[in-house]
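Letter by letter, the chains look like this.
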Amino acid sequence: MKVLTVSDEVVEALHSPALAHYAQGVEAILACGDLPVNYLDYLVSMLNVPMFYVMGNHGGEGGEGDYPEGGENVDLRVVEYKGLLIAGLEGAQRYNNKPHFQYTENEMRARIAALTPALMLNKARYGRYLDVLITHAPPHLIHDSADYAHRGFKSFVWFIEHYQPRYLIHGHVHVYDKREETVTVCGATTIVNAYGYKILDIAPIKSRMST
Ligand SMILES: [Zn+2]
C-alpha cells in the first residue's frame, strides 16, 4: 500500500494541484507533526484518503483549533487500516519549562506503557504487535542530534527492540543536506525521517485472525 508521509515542512509542490501527480495511488497519509493545519487539511481533502497523525512540539500551541480536522490522531492508540496496524506517540524531548507536547524520557516510557495493552491485543489477534509506529521525535542516536530539543528517545529504541514494528516514521529533525541519512534499518525496523515528504510502499501482512 502506498502511503504519503509528511512532517515539519510544507512542500509547496504538494500544496498545489500537482499533489495528484506526486501522490498518485496513495491510500493513506501519515503525518508526523509540526505542520500547519491548513496544509494537512488540503492533503486530506484533495487526496480523499484517511490521514493518521501525531502532534509535534510546535503543534497545538493555539489550542484545539490546531488539530487537523480531517485526520485521526493516533497518539497512544493503535488503528487498523487496510490490514496495516498503525500506532502513534506524539511530542519531543522536553527542552523548556513550558512543556507542550514535550516529554521527559520517563514520561515517554510511561506513555509506551499506556500503549502496551493495545499492542498485546494486536499480538493475540493478528500475531504481531504493530506494523508502523508514527512519532514526532526520532529514536536515540538515530537521525537525532545532540542539541537539547532534538535528542531522540531511548525508549523508542527499546520499543523497536521489543515490538519490532516494520516501520518507525518520525519527523522533528530537519534535513538541510540531501546527503544526510533519513532511512536507517535497525533490526526488523526501518526508521524513516519523514521531513518534507516521502512516499513509502508498505505491503500489508495477511493477518492470522483469531476468529
Ligand atoms: Zn519538532
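Structure's up top.
All of the points below concern the structure found in this document.

Calculation notes
Residues numbered from 1 in each chain as written. Predicted model: local features only at pLDDT ≥ 70, side-chain atom pairs only at ≥ 80, totals over all residues. Heavy atoms only, no water. Helix = DSSP H or I, 4+ residues; strand = E, 2+ residues; numbered from the N terminus. Buried < 20%, exposed > 50% of the residue type's maximum accessible area, 1.4 Å probe, protein only. Contact = heavy atoms within 4.5 Å. Lys, Arg positive; Asp, Glu negative; His and termini not counted. Charge placed at Lys NZ, Arg CZ, Asp CG, Glu CD. Pairing = 2+ DSSP bridges. Axes fitted to C-alpha atoms, helices over the stretch in contact; angles between N-to-C directions. Salt bridge = Lys/Arg side-chain N within 4 Å of Asp/Glu carboxyl O.

1. Observations concerning the overall build of the protein
Here is step 1 of the chain: Within the protein, the secondary structure is distributed over four helices and 13 strands.
Here is step 2 of the chain: With respect to the principal axes defined by its C-alpha atoms, the protein has extents near 45 × 40 × 35 Å.
Here is step 3 of the chain: Relative to its 211 residues, the protein shows a buried fraction of 53%.
Here is step 4 of the chain: Nonlocal contacts in the protein, meaning residues at least 24 apart in sequence, comprise 66% of its contacts between residues at least 6 apart.
Here is step 5 of the chain: If the 18 positive side-chain charges of the protein are averaged to one point and the 24 negative ones to another, these points end up 8 Å apart.

2. Things to note about the sheet that holds strand β10 (residues 167–170)
Here is step 1 of the chain: Pairing is mixed in the open sheet, where six strands are placed in the order β5-β6-β9-β10-β12-β11. Strands at the two margins of the open sheet, each flanked by one partner only, are β5 (78–81) and β11 (183–186). Taking the axes of each pair of neighbouring strands and ignoring which way they run, one obtains an average angle of 20 degrees across the sheet.
Here is step 2 of the chain: Bridge count between strand β9 (residues 132–135) and β10: three bridges; the pairing is parallel. Paired with L133 across the two strands is L168, which belongs to β10.

3. Some remarks on the sheet that holds strand β2 (residues 28–31)
Here is step 1 of the chain: Here we have five strands laid out as an open sheet, ordered β4-β3-β2-β1-β13, and mixed in their pairing. Sheet topology places β4 (72–73) and β13 (196–201) at the edges, where each strand pairs with a single neighbour.
Here is step 2 of the chain: For strand β1 (residues 2–7) and β13, the ladder comprises six bridges, and the chain directions are antiparallel. Bridge pairing links V6 to Y197 in β13.

4. Topic: the pattern of salt bridges
Here is step 1 of the chain: Inspection of the entire model under this criterion finds seven salt bridges.
Here is step 2 of the chain: When the shortest N-O distance is used, the salt bridge between K82 and E27 registers 2.7 Å. With K82 in the loop between β5 and β6 (84–89) and E27 in the loop between α1 (19–22) and β2, the pair connects residues that are 55 residues apart, well separated along the chain.
Here is step 3 of the chain: Judged by relative accessible area, K82 falls into the partly exposed class, the value being 46%.
Here is step 4 of the chain: Given the relative accessible area of 28%, E27 is considered partly exposed.
Here is step 5 of the chain: When the shortest N-O distance is used, the salt bridge between R111 and E90 registers 3.6 Å. Residue R111 is found in helix α3 (residues 105–126), and its partner E90 is found in the loop between β6 and β7 (92–93); the two are separated by 21 residues along the sequence.
Here is step 6 of the chain: Since its relative accessible area comes to 10%, R111 is described here as buried.

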